[in-house]
Amino acid sequence: MNFIQPSIDPVILSIGFIEIRWYSLAYILGFLLGIYIIKRLNAIYGNQYSNKNIDSFLIWAVLGVIIGGRTGYVIFYQLNEFLTNPFYLFEIWNGGMSFHGGLTGIIISTLIFAKINGKSFFYLSDLVSIVAPIGLFFGRIANFINTELIGRPTDFYISVIYPSIDNIPRHPSQIYEAFLEGIILFLILFCLLYTSDAADEEDSVDLGGRRI
């Protein structure tokens, strides 16, 4: 069964020179939902950060992902373009972000933020790791809309035809990744969190009405 990729304009809304794109919306939704869940998890497991701290961390996380993601993309995939036009590094409106660059950026920004606030880096990075699949999910959906990261040609009975590329059935790699890196990985991490918490409860000892 072949599906035709729907024709969706990458730009949701355009007002003068200002454009709101699906890709930008994906990042915004991922960050906002991720910070909300981090606050909830922080309140349950340790409460090492205040909500104000976490709101401040949102800015660090955004800068880490965008600067790291863009820098990684330029260095690994567009180095020649950068050498001829260094300003290309800042042309984020033309697209181009790398996962490994974004990962490096968020690790560095998390490390610096935790050090400045005198908190545990591993505690905060654990929280970030749990919500990271949310951003991956929205990002891969945006890739599908933008006709990016298309899959290889296939004769698999379920495939997608990208009319703007060719009329060849291809693997919908973006949808695969949204499902596996996003939904499945998110559920796995939450299951690990739940089982770890349950194990801690079983290992604790009741002493005078208090569990230690």
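Given the structure is predicted, the values throughout are model-derived calculations rather than measurements. (Residues numbered from 1 in each chain as written. Predicted model: local features only at pLDDT ≥ 70, side-chain atom pairs only at ≥ 80, totals over all residues. Heavy atoms only, no water.)

Caption draft 1: Examining the overall build of the protein more closely. When you go through the protein residue by residue, the secondary structure sums to 6 helices and 7 strands. Along the chain direction, N to C, the helices and strands of the protein fall in the order β-β-β-α-α-α-α-α-β-β-α-β-β. Judged by the C-alpha coordinates and their principal axes, the protein covers about 70 × 45 × 35 Å. Buried residues in the protein amount to 32% of all 212 residues. Sequence-distant contacts, at least 24 apart, represent 59% of the contacts inside the protein between residues at least 6 apart. Only carbon and sulfur atoms are counted for the fraction: they give 68% of the accessible area of the protein, which is about 13,400 Å². In the protein, 12 side chains carry a positive charge and 17 a negative one; their mean positions are 8 Å apart. (Helix = DSSP H or I, 4+ residues; strand = E, 2+ residues; numbered from the N terminus. Buried < 20%, exposed > 50% of the residue type's maximum accessible area, 1.4 Å probe, protein only. Contact = heavy atoms within 4.5 Å. Areas by Shrake-Rupley, 256 points an atom, 1.4 Å probe, with all protein chains shown as cover. Lys, Arg positive; Asp, Glu negative; His and termini not counted. Charge placed at Lys NZ, Arg CZ, Asp CG, Glu CD.)

Caption draft 2: Spotlight on helix α2 (residues 51–77). Between the first and last C-alpha of α2 there are 38 Å, a value that for 27 residues agrees with the 39 Å anticipated at 1.5 Å per step. Among the residues making up α2, those that are buried are I54, F57, L58, A61, G64, V65, G68, G69, R70, G72, Y73 and V74. Of the surrounding elements, those touching the buried residues of α2 are α1 (22–44), α3 (79–84), α4 (99–116) and α5 (121–145). (Expected span 1.5 Å × (residues − 1).)

Caption draft 3: Quick peek at the confidence of the model for the protein. On average, residues of the protein carry a pLDDT of 88, and 91% of them reach 70 or more. Looking across the protein, the model is least confident in strand β6 (residues 206–207), with a mean pLDDT of 44, and most confident in strand β5 (residues 169–170), with 96. Between residues 205–212, whose pLDDT stays under 50, and residues either more than four places distant or in other chains, the model counts 8 contacts. (pLDDT = per-residue confidence, 0-100.)

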